Amino acid sequence: MSFRLFDAPLREPSQFVGFAGNTIDRQSENRADDSVDQALADPTTRLLLMNGGRLYLKLGNSSLDPWFGAAESQPFKISLADGVLLGFSEQGPVLAVPAGVDAEQLPETIKAIDYRSVYMQGLIDEAAAGAMAQGAALLAWHASHRFCSKCGTESQMRAGGYKRHCPNCGTEHFPRTDPVAIMLTATREKCLLGRGRHFAPGMYSALAGFIEPGETIEAAVRRETLEEAGIRLGRVVYHASQPWPFPYSLMIGCFGEPLNEDIQADLNELEDCRWFARDEVRLMLAREHPGNLITPPKGAIAHHLIRAWVDAE
Ligand SMILES: [Zn+2]
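Residues numbered from 1 in each chain as written. Predicted model: local features only at pLDDT ≥ 70, side-chain atom pairs only at ≥ 80, totals over all residues. Heavy atoms only, no water.

As for the coordination of the zinc ion
Binding of the zinc ion to the protein goes through Cys-148 (SG), Cys-151 (SG), Cys-166 (SG) and Cys-169 (SG), at separations of 2.3 to 2.4 Å. Relative to the metal, the four donor atoms surrounding the zinc ion lie at angles of 101 to 117 degrees, and the coordination shape comes out tetrahedral. The sequence pattern describing where the donors of the zinc ion fall on their chain is C-x2-C-x14-C-x2-C. Pair noted here: Cys-151 is in the loop between α4 (126–143) and β7 (156–158) and Cys-166 is in the loop between β8 (163–165) and β9 (172–173), with a separation of 15 residues, a long-range link. For Cys-151, a relative accessible area of 34% gives the class partly exposed. For Cys-166, a relative accessible area of 0% corresponds to the buried category. (Donors = N, O, S within 2.8 Å, 3.2 Å for Na, K, Ca; no water. Tetrahedral: all angles 85-135°; square planar, octahedral: opposite > 155°, others 65-115°. Helix = DSSP H or I, 4+ residues; strand = E, 2+ residues; numbered from the N terminus. Buried < 20%, exposed > 50% of the residue type's maximum accessible area, 1.4 Å probe, protein only.)

Next comes the structure, spelled out in C-alpha cells:
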C-alpha cells in the first residue's frame, strides 16, 4: 500500500540546480578533532584550494582540474590550520583549504577563478561544483566567526571544521546556513519578474529575500513579495532548494499565487518589476527575446522556477 504523498514520480526538482551534485559523505557527527591531520596522512586525500572567493584550477589539455594532492598544494602557502574536512568521496577524504598565493602570482598552469564563474561556465563537473559550494561556505563561515559571539575570546576549530569551541566559556558554535526565499509569483497566464540594480543587462528574475527569525518559509515569501512588488499572495508552494555559497545561504524556491495585479515596486530594491506573459518568458529562456531580455542561467534556481512554470501548461 502506498502513501499518497509519495505517489508522484521521484524526480526532485532540487536535483537539477547548480551545486546540487555534491556526493561527499560528510560524517559530520563522527569526527575526531584531529580529522584534518588524519586526512592529510592519507595519500588518497584530495584538496580544493581557495583564496578570496576563488577556486584554484589546474589547466589540463581539455579540462580544468580542481583537485590537488597534499604535497602538490605546498607551494601555494596553504593554511592547514584553517582547512576543513568536507568528508569522504569514493576516492578518499576531501578537504577545502585556504591558499595564500594571489591570482597574479600563480604559475601559468594554475588559474584562480571566482566561484560564480566556475559554476556559471560549468568549468568543473557537478560533484566538484557541489564540493566547492560546501567548502566555500564553510571557509567563509570560519573566516567571519573567529571569535566567540558570547564572550569575545578567540575560538578554536574542532571536528575538522564542523564546529568551533570557545576555550574561555566552553560555548560550541556550529556552521550556519542562511535561508533565503526565492519566489515566482504566477497565474496560468503570467508571472512576476524583477530586475535588481546589479543584474546583468536585460536580465529579469524571481524576487528573493532573507527569511527572518520567527517566520515560516511561506510567511517570508508573502512578506517579501508584498514589500518588493506590492503583490499580496494567497497560496505558496515549495518547489526546490539550492545551496548558494555567497557566502553561505540556502535558496528556497517557491511559487506564489497573486491576489492582486497592480504592482507597486520598491525602487530602492528593484530597478523594474512587471508581469510577463508566458510566450515572452519562453523567448527569454531561449535567448530569443526581441528586446534581448533574458532569464538567469541554468545553474540558478530562479531559472528552474521559471522553466517549471513555462512548462506547466
Ligand atoms: Zn566564549
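Brief notes about the packing of helix α6 (residues 278–285) against helix α7 (residues 301–311)
Contact geometry of α6 with α7 gives a least axis separation of 10 Å together with a crossing angle of 135 degrees. Comparing their axes, α7 and α6 come out oblique. When the axes of α6 and α7 are compared, the crossing they make is left-handed. Contacts between α6 and α7 pair Arg-278, Val-281, Arg-282 and Leu-285 from the former with His-303, Ile-306, Arg-307, Trp-309 and Val-310 from the latter. In terms of residue class, the contact of α6 with α7 is made up of five nonpolar, one polar and three charged. (Axes fitted to C-alpha atoms, helices over the stretch in contact; angles between N-to-C directions. Parallel < 35°, antiparallel > 145°, perpendicular 65-115°, else oblique. Left-handed = near helix turned anticlockwise from the far one by under 90°. Contact = heavy atoms within 4.5 Å. Nonpolar A, V, L, I, M, F, W, Y, C, P; charged D, E, K, R; others polar.)

Side note on the domain arrangement of the protein chain
As assigned here, the protein chain comprises domain 1 (14–173) and domain 2 (178–310). When each unit is reduced to the centre of its C-alpha atoms, the spacing between domain 1 and domain 2 is 31 Å. The interface is formed by 16 residues belonging to domain 1 together with 15 residues belonging to domain 2. Three residues stand out in domain 1 for area buried against domain 2, namely Val-17, Phe-19 and Tyr-119, and they jointly supply 35% of the buried area on that side. Taken together, the connections running from domain 1 to domain 2 amount to five residue pairs in polar contact (both at pLDDT 80 or more). Within the residue set of the side of domain 1 that touches domain 2, elements represented by two or more residues are α3 (115–120) and α4. (Domains from an automatic or database assignment. Buried area = accessible area lost by both parts, 1.4 Å probe. Polar contact = N/O pair within 3.5 Å; in protein donor to acceptor, adjacent residues only side chain to side chain.)

Describing the sheet that holds β9
Hydrogen bonding along the main chain pairs the strands of a sheet, whether they run parallel or antiparallel. The strand order across the open sheet built from three strands is β7-β8-β9, with neighbouring strands paired in antiparallel fashion. The sheet terminates laterally at β7 and β9, the two strands that pair on one side only. Relative to β9, β8 runs antiparallel, the two being bridged by two bridges. Among the inter-strand pairings, His-165 is bridged to a residue of β9, identified as Glu-172. (Pairing = 2+ DSSP bridges.)

A closer look at the pattern of salt bridges
In total, this model carries 14 salt bridges according to the counting rule given. Notably, a salt bridge pairs Asp-33 with Arg-158, separated by 3.9 Å at the nearest N-O pair. Of this pair, Asp-33 sits in the segment before α1 (35–40) while Arg-158 sits in strand β7, and the two are 125 residues apart along the sequence. The shortest N-O distance in the salt bridge between Lys-163 and Glu-172 comes to 3.1 Å. Sharing partners across several salt bridges, the network here consists of Glu-212, Glu-215, Arg-223, Glu-224 and Glu-227. (Salt bridge = Lys/Arg side-chain N within 4 Å of Asp/Glu carboxyl O.)

Considering the pairing of strand β14 (residues 249–258)
Burial runs high along β14: eight of the ten residues are buried. Here eight bridges tie strand β10 (residues 178–186) to β14, and the two strands are oriented parallel to one another. Note that in β14 the partner of Val-180 across the bridge is Met-251. By the bridge criterion, nine bridges tie strand β13 (residues 233–244) to β14 in an arrangement that is antiparallel. Considered in β14, the bridge of Gln-242 is made with Met-251. Following β13, the chain reverses through four residues before pairing antiparallel with β14.

Here we look at α4
In a regular helix each residue adds 1.5 Å, so 18 residues correspond to 26 Å; α4 covers 25 Å between its end C-alpha atoms and thus fits that length. Across the 18 residues that make up α4, a large majority, 14, are buried. With a side-chain oxygen positioned 3.1 Å from the backbone nitrogen of Ala-127, the residue opening α4 is Asp-125. (Expected span 1.5 Å × (residues − 1).)

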